[in-house]
Amino acid sequence: MQGQTNIHTSIIIRMYVPGAVLALCLPCFLSGNVFGYEYGEDYSDSYYNEISNGELQRAKQIQCPPQDLSRWDKLFIMLEDYQMKQDMFLQQNEDMVKAEMNSIRRELHKLNNNNNVCVQASENTCKCVSEQMNRNLNQAMDQLREAADMYQAQNNETLQQLIQYSRNQATRLTKLESSSLLGAGLGQVAMKSYSTYPKEEEASNADGGKLEKALMATVADLQRIQAQLALFQRATAHRFLPSGCEMALLFPMRSKHIFAEVTPSMSMSLQSLTICLWAKVTQSLNKTVLFSYGTKKNPQELQLVLARHSVLLTVGGETHLVEAQSVVTDGQWGHFCGAWSSEQGLATLWVNGENVAKVPGVAEGHVLPSNGFIILGQERSRSGIYRDLDSSVAFTGKMTGVNMWDHMLEAGRIKEYANQDGYCDSRGNVIGWGVSEIIPHGGAQYIN
């Protein structure tokens, strides 16, 4: 801003000062008085001029009055001096402006370099922090894997040791029982010959006492082993997934936002069906939905639900149902199956491979409508909008091995699927666990 003001000042001086000087000097010259000097005065001695002697001689030969020549020279010299001072002043201002501009350029260049350095330093710092976090995360994951493998190996080793120890104790107990029977026989023989062999009787009594102590010690060892086995079973039951399944759906809490949506492999326009699944419910309320198929016309078209300690199957609405009571236990895995046929209206319920209910005349002649929605752990709302779901009927716990067939399964196959030794590879043709698309929503997630 200061440089621009100096430039404007120099331009104004160049435009208006020469005219002002001429306006002041011209009247004095016309009146014969130039800045206080009268005509006829001699300026040759009091004013210094850079004109050489030769030039002065030639000037004297000019046919002009000496007084006029001196006045003009003095006027022009004054104007030249003023012009020179003005040029010096302008040059000084220009130099100052250039110096300021150069200083500003240098500062801007330094600032730009500093900004580039700061940006590069920030990028390098962020990159280093990211790499360090990735390394730490990878190390933590490796440590967790190693700890899990070590824990599993220790559990397996402990289990093998317990099994081997149990076998050894059983063998030892068998030997002790045999020795006890033998000792009892010897005791009876000794009693018969007591009067004849008193020393043998005393030895037999001493052996019987030793055998009794050994038996008591063995019993104590067996009780301790049994307690350890029970503790180990309780520790591993929490991680147990039935039927050899490698993954399960976890519903961590009772919420209207937590459920799983299923896409069947074929049309749901069915006249017979079988639904089977494994479930471990945290707490069963008056109505806890395991499986639900609903349409716009009937949101509860087909359902497999829990009610406290009971399990229910509904087809075509809640008026057509079959129920089995006192078959559900909270916190334990259970295998639940519901089967239905439209031809006779026969509906059956199976829990852990046992037929617990069989009712004829359930929705006889009914055909399931197509273009519905299958939901696990929740039921479709009347409006068909997910935000209108009811949290009171939501399932909380774990679920796996969800399968559905387009026919009624035989009793033998249902019992096989309820076997916890491993039948998760058998899948339904309508819904197949591990094959059909099952998408968890909200907080529902897959675990293994």
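Right above here is the structure, for reference.
Not measured: the values here are computed from a predicted model.

About the cut-offs
Residues numbered from 1 in each chain as written. Predicted model: local features only at pLDDT ≥ 70, side-chain atom pairs only at ≥ 80, totals over all residues. Heavy atoms only, no water. Helix = DSSP H or I, 4+ residues; strand = E, 2+ residues; numbered from the N terminus. Buried < 20%, exposed > 50% of the residue type's maximum accessible area, 1.4 Å probe, protein only. Contact = heavy atoms within 4.5 Å. Pairing = 2+ DSSP bridges. Axes fitted to C-alpha atoms, helices over the stretch in contact; angles between N-to-C directions. Patch = residues over 30% accessible without salt bridge, like charges linked within 9 Å, V, L, I, M, F, W, Y side chains within 5 Å. Areas by Shrake-Rupley, 256 points an atom, 1.4 Å probe, with all protein chains shown as cover. Salt bridge = Lys/Arg side-chain N within 4 Å of Asp/Glu carboxyl O. Phe/Tyr/Trp six-rings, centres within 6.5 Å; stacked < 30°, edge-to-face > 60°. Core = buried A, V, L, I, M, F, W, Y, C linked by side-chain atoms within 4.5 Å. Disulfide = S-S within 2.5 Å.

*Asks:* Any chance you could explain the overall build of the chain here in plain terms?
*Replies:* Helix and strand counts for the chain come out as five helices and 14 strands. Counting every position in the chain, which comprises 448 residues, the buried fraction comes to 32%. Contacts in the chain between residues far apart in sequence, at least 24 positions, make up 69% of those at least 6 positions apart.

*Asks:* Looking at this structure, I do not really get the sheet that holds strand 11 (residues 373-376). What am I missing?
*Replies:* For sheets, the rule is that strands pair by backbone hydrogen bonds, running either parallel or antiparallel. Within the open sheet, the seven strands sit side by side as 7-6-5-4-11-2-13. Their pairing is antiparallel. Strands at the two margins of the open sheet, each flanked by one partner only, are strand 7 (321-324) and strand 13 (437-441). Ignoring strand direction, the axes of neighbouring strands in this sheet form an average angle of 20°. As paired strands, strand 6 (residues 310-315) and strand 7 are joined by four bridges and run antiparallel to one another.

*Asks:* What should I look at first to understand a nonpolar patch on the surface in this one?
*Replies:* A cluster of nonpolar residues, Met101, Ile104, Leu108 and Leu111, forms a patch on the protein surface that exposes about 370 Å² of accessible area. Within the secondary structure, Leu108 sits in helix 3 (residues 66-192).

*Asks:* Explain the side chain of Ser381 to me, please; I cannot follow it from the model alone.
*Replies:* Here Ser381 shows up in the loop between strand 11 and strand 12 (397-405). Leaving out residues up to four positions away in the same chain, Ser381 has contacts with Pro299, Asp388 and Leu389.

*Asks:* Would you explain the sheet that holds strand 1 (residues 248-251) in this entry?
*Replies:* Overall, antiparallel pairing links the seven strands, which are arranged 10-9-8-3-12-1-14 in an open sheet. Here the strands that pair on one side only, and so sit at the sheet edges, are strand 10 (354-359) and strand 14 (445-447). Ignoring strand direction, the axes of neighbouring strands in this sheet form an average angle of 25°. Here strand 1 pairs with strand 14 via three bridges, running antiparallel.

*Asks:* Please clarify how the packing of aromatic side chains should be interpreted in this entry.
*Replies:* Both the distance between ring centres and the angle between the ring planes are used here to describe each pair of aromatic rings. Scanning all chains against the criterion turns up three aromatic pairs. Here the aromatic rings of Phe251 and Phe395 are separated by 5.4 Å at their centres, their planes lie at 85°, and the arrangement is edge-to-face. Highlighted residues: Phe251 in strand 1 and Phe395 in the loop between strand 11 and strand 12, separated in sequence by 144 residues. In this structure Phe251 comes out as buried when scored by relative accessible area, which is 1%.

*Asks:* Help me understand the nonpolar core, please; the structure alone is not making it clear to me.
*Replies:* Nonpolar side chains tend toward joint burial in soluble globular proteins. Of all hydrophobic cores here, the largest spans 46 residues; its most connected members are Phe291, Leu302, Leu304, Phe336, Leu376 and Met404. The dominant element in this core, judged by the number of residues it contributes, is strand 3 (residues 272-281), at five residues. Residues contacting Met404, with those up to four places away along its chain left out, are Met268, Leu270, Leu273, Thr274, Ile275, Phe291, Leu302, Gly428, Asn429, Val430 and Ile431. Cys276, Trp405, Leu409 and Tyr417 belong to the second largest nonpolar core, which has seven residues in total.

*Asks:* Can you walk me through the state of the cysteines in this structure?
*Replies:* Every disulfide links exactly two cysteines, by a covalent bond between their sulfur atoms. What the rule picks out here adds up to one disulfide. Between Cys276 and Cys337 runs a disulfide, and the two sulfur atoms are separated by 2.0 Å. What sets the handedness of the Cys276 and Cys337 disulfide is the S-S torsion sign, and at about 120° it is right-handed. A residue pair is termed long-range when its members are at least 10 positions apart, and Cys276 in strand 3 and Cys337 in strand 8 (residues 334-341) qualify at 61 residues. Looking at the unpaired Cys126, the closest cysteine sulfur is the one in Cys128, lying at 9.3 Å. Given the relative accessible area of 48%, Cys128 is considered partly exposed.

*Asks:* When you look at the environment of Gly317 in this model, what are you seeing that I'm missing?
*Replies:* Relative to the helices and strands, Gly317 resides in the loop between strand 6 and strand 7. Exposure remark for Gly317: the relative accessible area of 9% places this residue in the buried category. Between the alpha carbons of Gly317 and Gln300 there is a distance of 5.6 Å; along the sequence they are 17 residues apart.

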